[in-house]
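Structural characterization, general
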Amino acid sequence: MGLGTLSLFAERDIISVPRLGQLPGIVGMVLAVAVFAVALWGVLANLRPSFVATVFLALGAALVHLGGVWGTAVAEGTGAVHATAAAGQLVLGGASAVIVVAALLAAWVAIALRRTEARAPHWPWEKDDDEQP
């Protein structure tokens, strides 16, 4: 949603490089989400994960996104110059910042839920008879 909103308000495409299709953006985002999820899973394995991890998770997601876009663009045959231009547009156009902010928020919420040991809500009538009040 953030990237779509950025594109709408900026009135331009997130990536506008000649001969570059949609595949680099798709692959970059899939890789970023996958790496973010695996890294977050590792962080949440700790009973009291540190909120400092949010910074590393967010930066990691953004860097993997840039690398995925660049690598896919090169693999598509657009060349290193066009791939670098696409990555530059992501950084300078604000798309990477949007990814960092979204990852920061998602990681912070996940770590906060883990630290508070939040459980699914239950209605009063859903209690088992064996549970103590």
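See above for the structure.
Please read these numbers as outputs of a predicted model, since none were measured by experiment. (Residues numbered from 1 in each chain as written. Predicted model: local features only at pLDDT ≥ 70, side-chain atom pairs only at ≥ 80, totals over all residues. Heavy atoms only, no water.)

The secondary structure content of the chain amounts to 5 helices and 0 strands. Beginning at the N terminus, the succession of helices and strands in the chain can be written as α-α-α-α-α. What you see for the chain is a C-alpha radius of gyration of 19 Å, clearly larger than the 14 Å of a compact globule of 133 residues, by over 25%. The dimensions of the chain, computed from C-alpha atoms along their principal axes, are 65 × 30 × 25 Å. The buried share of the chain, taken over its 133 residues, is 29%. Pairs at least 24 apart in sequence give 81% of the contacts found in the chain among residues at least 6 apart. Surface accessibility of the chain: about 8,800 Å² in total, with carbon and sulfur atoms responsible for 69%. Between the averaged position of the 7 positive side-chain charges in the chain and that of its 9 negative side-chain charges there is a distance of 12 Å. (Helix = DSSP H or I, 4+ residues; strand = E, 2+ residues; numbered from the N terminus. Rg over C-alpha atoms; globule rule 2.2 N^0.38 Å. Buried < 20%, exposed > 50% of the residue type's maximum accessible area, 1.4 Å probe, protein only. Contact = heavy atoms within 4.5 Å. Areas by Shrake-Rupley, 256 points an atom, 1.4 Å probe, with all protein chains shown as cover. Lys, Arg positive; Asp, Glu negative; His and termini not counted. Charge placed at Lys NZ, Arg CZ, Asp CG, Glu CD.)

Another aspect to go through is the environment of arginine 119. In this structure, arginine 119 sits in the segment after α5 (95–115). Residue class for arginine 119 comes out exposed when judged on its relative accessible area of 66%. On a C-alpha basis, the gap between arginine 119 and glutamate 11 in space is 42 Å, while along the polypeptide they are 108 residues apart.

A few words now on the packing of aromatic side chains. One pass over the full model with this rule turns up 2 aromatic pairs. Taken together, a centroid distance of 5.7 Å and an interplanar angle of 25 degrees make the contact between phenylalanine 51 and tryptophan 108 stacked. With a gap of 57 residues between them, phenylalanine 51 in the loop between α2 (23–44) and α3 (53–76) and tryptophan 108 in helix α5 connect regions that are remote in the sequence. The exposure class of phenylalanine 51 is partly exposed, given its relative accessible area of 30%. Overall, the relative accessible area of 47% leaves tryptophan 108 in the partly exposed class. Measuring from centroid to centroid gives 5.2 Å for tryptophan 123 and tryptophan 125, while their planes differ by 5 degrees, and the two rings are stacked. Assessed through its relative accessible area of 65%, tryptophan 125 is described here as exposed. (Phe/Tyr/Trp six-rings, centres within 6.5 Å; stacked < 30°, edge-to-face > 60°.)

Attention now moves to unusual backbone geometry. Unlike most non-glycine residues, glutamate 11 shows phi in positive territory, near 55 degrees. Along the chain, glutamate 11 falls in the loop between α1 (2–10) and α2. Located in the positive-phi region is arginine 19, a residue other than glycine, with phi close to 65 degrees. Inspection of the secondary structure assignment puts arginine 19 in the loop between α1 and α2. Owing to a relative accessible area of 61%, arginine 19 belongs among the exposed residues under this scheme.

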